[in-house]
Amino acid sequence: MAQATSPAGDIVGTRNRWYLGLLLVAAPVLLVCWLIIYPIIAAVVQTVWVPDADGVSRLSLESYRFFFSDGYSLANLWITLWTTLVCAILLLLICLPIALYLRFSEGRLPAYVQALAIFPMFVPSIILSYAFIRVLGPNGMLDILLNAAHLPKIRSPYLTPWGPVIGLVWDHIPLTVLILLSGLGNVSNQSIEAARDVGAGRLIVLWHIILPRIGNSVLVAASFAVLGIFSAFTIPYVLGPAAPEMMGPFMQRTFRELYDPTSAITQAVISFGFCIVFGLFYVYSVARNQRT
């Protein structure tokens with residue numbers, strides 16, 4: 001004979017599950033607040049609450065006013081935004097065809113292509129930078145091959161704005177391909193075959209069947225790429241020009257060489273302000289997926 005449960009017992013059980021859920025997420029939430037939220041708030045307070053000549057802390061936006069009025073700082077911000085935008089566009093243009101090929105192809109060759117696409121994930125940034133210099137740098141392998149073929153030398157992208165672009169795109173290919181490939185898993189073969197049965201070509205299938213299904217994945221991939229590229233340090237530091245420089249090397253040089261922690265923290269806060277915009281796109285994408 002089944003035992004009846006009272007409404008009061010159901011309410012108590014629901015509350016216990018609610019408390020258990022809070023306990024499960026308490027540790028990571030506290031860790032995020034301690035290691036991320038608190039340093040962000042402290043950095044903002046430190047840049048707007050500055051001690052004056054008398055040692056009295058006063059509200060001041062002088063560090064931000066200096067950044068947005070300094071030509072060199074604005075040039076560094078602009079080259080960072082330009083590099084981020086170019087890299088994000090190139091990543092989508094390169095990785096989307098690779099992901100489409102891996103999703104809709106069969107056989108052993110796609111497995112080799114996937115292994116090559118994921119391989120950069122296991123190469124440290126400093127090794128990638130060294131390989132870039134040895135191949136595309138001045139008197140590198142490309143110059144040697146061109147000279148052996150009696151062809152004119154080309155201008156090396158090393159120590160130019162295109163150096164970090166090439167290195168960052170190559171470095172972010174694995175994650176972008178994996179995210180897009182995961183999104184393509186939601187596209188069924190039946191829907192594509194049905195579209196082809198009514199005479200739809202490849203471009204029509206891509207535009208009306210595939211892209212609408214992977215819109216969230218494209219947004220997530222672009223957000224991760226932008227956040228990773230905007231905060232990159234090693235590749236822009238080694239392969240990029242001395243001036244203008246991306247925000248990562250700019251912050252490090254301001255802190256370590258100019259001994260100006262307030263300006264360095266201001267640059268970090270401004271960089272975080274740009275990154276949080278793209279982070280909100282990611283949060284919006286996740287929330288929309290949960291609603292659907």
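Structural data are supplied above this passage.
First, a word on what this report is: a plain description of the structure on this page.

What counts, and where the lines are drawn
Residues numbered from 1 in each chain as written. Predicted model: local features only at pLDDT ≥ 70, side-chain atom pairs only at ≥ 80, totals over all residues. Heavy atoms only, no water. Helix = DSSP H or I, 4+ residues; strand = E, 2+ residues; numbered from the N terminus. Rg over C-alpha atoms; globule rule 2.2 N^0.38 Å. Buried < 20%, exposed > 50% of the residue type's maximum accessible area, 1.4 Å probe, protein only. Contact = heavy atoms within 4.5 Å. Salt bridge = Lys/Arg side-chain N within 4 Å of Asp/Glu carboxyl O. Core = buried A, V, L, I, M, F, W, Y, C linked by side-chain atoms within 4.5 Å. Phe/Tyr/Trp six-rings, centres within 6.5 Å; stacked < 30°, edge-to-face > 60°. Axes fitted to C-alpha atoms, helices over the stretch in contact; angles between N-to-C directions. Parallel < 35°, antiparallel > 145°, perpendicular 65-115°, else oblique. Polar contact = N/O pair within 3.5 Å; in protein donor to acceptor, adjacent residues only side chain to side chain.

**Structural notes on the overall build of the protein**
Each helix and strand counted, the protein has 13 helices and two strands in total. Taking 19 Å as the expected radius of gyration for a compact globule of 292 residues, we find that the protein reaches 25 Å, considerably beyond that expectation. Split into buried and exposed, the 292 residues of the protein put 32% on the buried side. Considering only residue pairs separated by 6 or more positions, the protein has 70% of its internal contacts joining residues 24 or more positions apart.

**Re the pattern of salt bridges**
Counted by the stated rule, this structure contains three salt bridges. Its salt-bridge partner being Asp-143, residue Lys-153 comes within 3.8 Å of it at the nearest N-O pair. Here Lys-153, found in the loop between helix 6 (141-148) and helix 7 (162-184), pairs with Asp-143, found in helix 6; they are 10 residues apart in sequence, far enough to count as distant. On the basis of relative accessible area, Lys-153 is assigned to the exposed category, the value being 55%. The partner of Glu-245 in a salt bridge is Arg-253, with the nearest N and O atoms 2.9 Å apart.

**A few points about the nonpolar core**
Grouped together as the largest cluster of nonpolar side chains are 37 residues, with contacts concentrated most on Leu-91, Leu-168, Leu-184 and Ile-210. Sorting the residues of this core by element identifies helix 3 (71-104), helix 5 (125-136), helix 7, helix 8 (189-197), helix 9 (202-213), helix 10 (215-230) and helix 11 (234-239) as the ones contributing at least two each. Residue contacts for Leu-184: discarding those within four places in its chain leaves Ala-99, Leu-100, Arg-103, Ile-210 and Ile-214. Counting 12 residues, the second largest nonpolar core, distinct from the first, contains Tyr-64, Met-247, Phe-250 and Cys-275.

**Focus: the packing of aromatic side chains**
Under the criterion given, the structure shown has five aromatic pairs. Aromatic side chains Phe-230 and Phe-274 sit 6.1 Å apart centroid to centroid with 20 degrees between the ring planes, which places their arrangement in the stacked category. Of this pair, Phe-230 sits in helix 10 while Phe-274 sits in helix 13 (residues 261-291), and the two are 44 residues apart along the sequence.

**Side note on the environment of Cys-95**
Its place among the elements puts Cys-95 in helix 3. Cys-95 gets classed as buried once you look at its relative accessible area, which sits at 0%. Spatially, the C-alpha atoms of Cys-95 and Ala-221 are 10.0 Å apart, while their sequence positions differ by 126 residues. The residues contacting Cys-95, other than those within four sequence positions of it, are Ile-173, Thr-176, Val-177 and Leu-180.

**Brief notes about unusual backbone geometry**
With omega at -10 degrees, the peptide bond leading from Ala-243 into Pro-244 counts as cis. By secondary structure assignment, the location of Pro-244 is in the loop between helix 11 and helix 12 (247-256). Here Asn-139, not a glycine, exhibits a phi torsion of approximately 60 degrees, which is positive. Tracing the backbone shows Asn-139 in the loop between helix 5 and helix 6. Under the relative-accessibility criterion, Asn-139 is labelled exposed at 61%. Positive phi, close to 60 degrees, is recorded for His-150, a residue that is not glycine. Looking at the element boundaries, His-150 is found in the loop between helix 6 and helix 7. Under the relative-accessibility criterion, His-150 is labelled exposed at 73%.

**Comments concerning the packing of helix 4 (residues 109-118) against helix 7**
The contact between helix 4 and helix 7 brings their axes to 7 Å, and the two run at 130 degrees. Classified by the angle their axes make, helix 4 and helix 7 are oblique. Residues Gln-114, Ala-117 and Ile-118 of helix 4 form the contact with helix 7, whose own contacting residues are Ile-173, Pro-174, Val-177, Leu-178 and Leu-181.

**With respect to the side chain of Ser-263**
Locating Ser-263 in the fold gives a position in helix 13. Residue class for Ser-263 comes out buried when judged on its relative accessible area of 17%. Within polar-contact distance, the side chain of Ser-263 engages the side chain of Asp-260 at 2.6 Å.

**Quick word on the environment of Val-238**
Structurally, the position occupied by Val-238 is in helix 11. Note on Val-238: relative accessible area 23%, which makes it partly exposed. A sequence separation of 105 residues divides Val-238 from Ile-133, and the C-alpha atoms of the two residues are 9.3 Å apart. In contact with Val-238, other than residues within four places in its own chain, are Ile-126, Ser-129, Ile-133, Tyr-158 and Leu-159.

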